[in-house]
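Next come the chains, spelled out residue by residue.
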Amino acid sequence: MATSRIGKGPILAGAILACGAGLVAGSAGRADAAGSAHVRIKNIDFSPHKLVIKQGTTVRWTFEDAATPHNVTSRGRAKFRSSPSKQSGSYSVKFTKPGTYRYVCTIHFNMKGTIVVK
């Protein structure tokens, strides 16, 4: 799993062993008290499509479409390092700067999501 940090300082890449609790239902979600949030990539869709999180929260995308590769690629002004194309596993980004972060799967352009950092 790759990890990036958004905001001041360098972008970090590495493995994260702890999964943490997350959100998996609804069209919009919020981070849990532990400072993490979860987006599932399944059935050629991001779920939830929109997350509202606090500054410093780590968002983890899990790739659950075993037969179909996907990626998480930022779009717009506020950017984060994009994930590799994957069919399983996960990708995480720590959001340390407020803003609205839009992302897509470049393989399936109908897959869109938004992270709002407050």
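Looking at an unreviewed UniProt entry, one finds the protein named Plastocyanin/azurin family copper-binding protein, with Paraconexibacter antarcticus as its source organism. Annotation of the protein in UniProt includes, under Subcellular location (unreviewed entry), the sentence "Periplasm". UniProt lists a comment for the protein under the heading Cofactor (unreviewed entry), and it reads "Cu cation".

### Concerning the overall build of the protein
When helices and strands are tallied, the protein shows zero helices and ten strands. Seen in sequence order, the protein has helices and strands lined up from the N terminus as β-β-β-β-β-β-β-β-β-β. Restricting to contacts in the protein with at least 6 residues of sequence separation, those with at least 24 account for 49%. In the form shown here, the protein has an accessible surface area of approximately 6200 Å², with 55% of it arising from carbon and sulfur atoms.

### Some remarks on the confidence of the model for the protein
Summary statistics for the protein give a mean pLDDT of 80 and a share of 71% for residues scoring 70 or more. Within the model, pLDDT remains below 50 along residues 6-27, and this stretch shows 53 contacts once partners closer than five positions in the same chain are excluded.

### Let's talk about the pattern of salt bridges
Charged atoms that come close allow side chains of opposite charge to pair. On inspection of all chains with the given rule, the structure shows one salt bridge. The residue Glu 64 makes a salt bridge to Arg 40 at a minimum N-O spacing of 2.8 Å. Taken as a pair, Glu 64 in the loop between strand S6 (57-63) and strand S7 (73-75) and Arg 40 in strand S3 (residues 36-41) lie far apart in primary sequence, 24 residues in all. Overall, the relative accessible area of 30% leaves Glu 64 in the partly exposed class.

### Points about the environment of Pro 98
Considering the arrangement of structural elements, one finds Pro 98 in the loop between strand S8 (90-95) and strand S9 (99-105). Taking relative accessible area as the criterion, Pro 98 reaches 46% and is therefore assigned partly exposed. Through-space distance from the C-alpha of Pro 98 to that of Lys 118 is 5.2 Å; in sequence the pair is 20 residues apart. Residues within four places of Pro 98 in sequence aside, it is in contact with Gln 55 and Val 117.

The rules behind each value
- Each residue is numbered by its place in its chain's sequence as written, counting from 1.
- Only residues with pLDDT of at least 70 get local features here, since the model is predicted, and only at 80 or more are side-chain atom pairs given and counted; chain-wide, interface and lining totals rely on the full set of residues.
- With hydrogens and water excluded, all non-hydrogen atoms of the structure serve as input to the side-chain values.
- UniProt positions are given in the numbering used here, feature names are shortened, and annotations may be inferred rather than shown by experiment.
- Think of it this way: any DSSP run of H or I at least four residues long counts as a helix, any run of E at least two long counts as a strand, and we number them from the N terminus.
- Any pair of residues with heavy atoms lying within 4.5 Å of one another is described as a contacting pair.
- All accessible-area figures derive from a Shrake-Rupley calculation using a 1.4 Å probe, and residue coverage is judged against the displayed protein chains alone.
- Values of pLDDT, ranging from 0 to 100, describe the predictor's confidence in every residue of the model.
- The working definition used for a salt bridge is a side-chain nitrogen of Lys or Arg within 4 Å of a carboxyl oxygen of Asp or Glu.
- Think of it in three bands: with a 1.4 Å probe and only protein chains considered, a residue is buried below 20% of the maximum accessible area for its type, exposed above 50%, and partly exposed in between.

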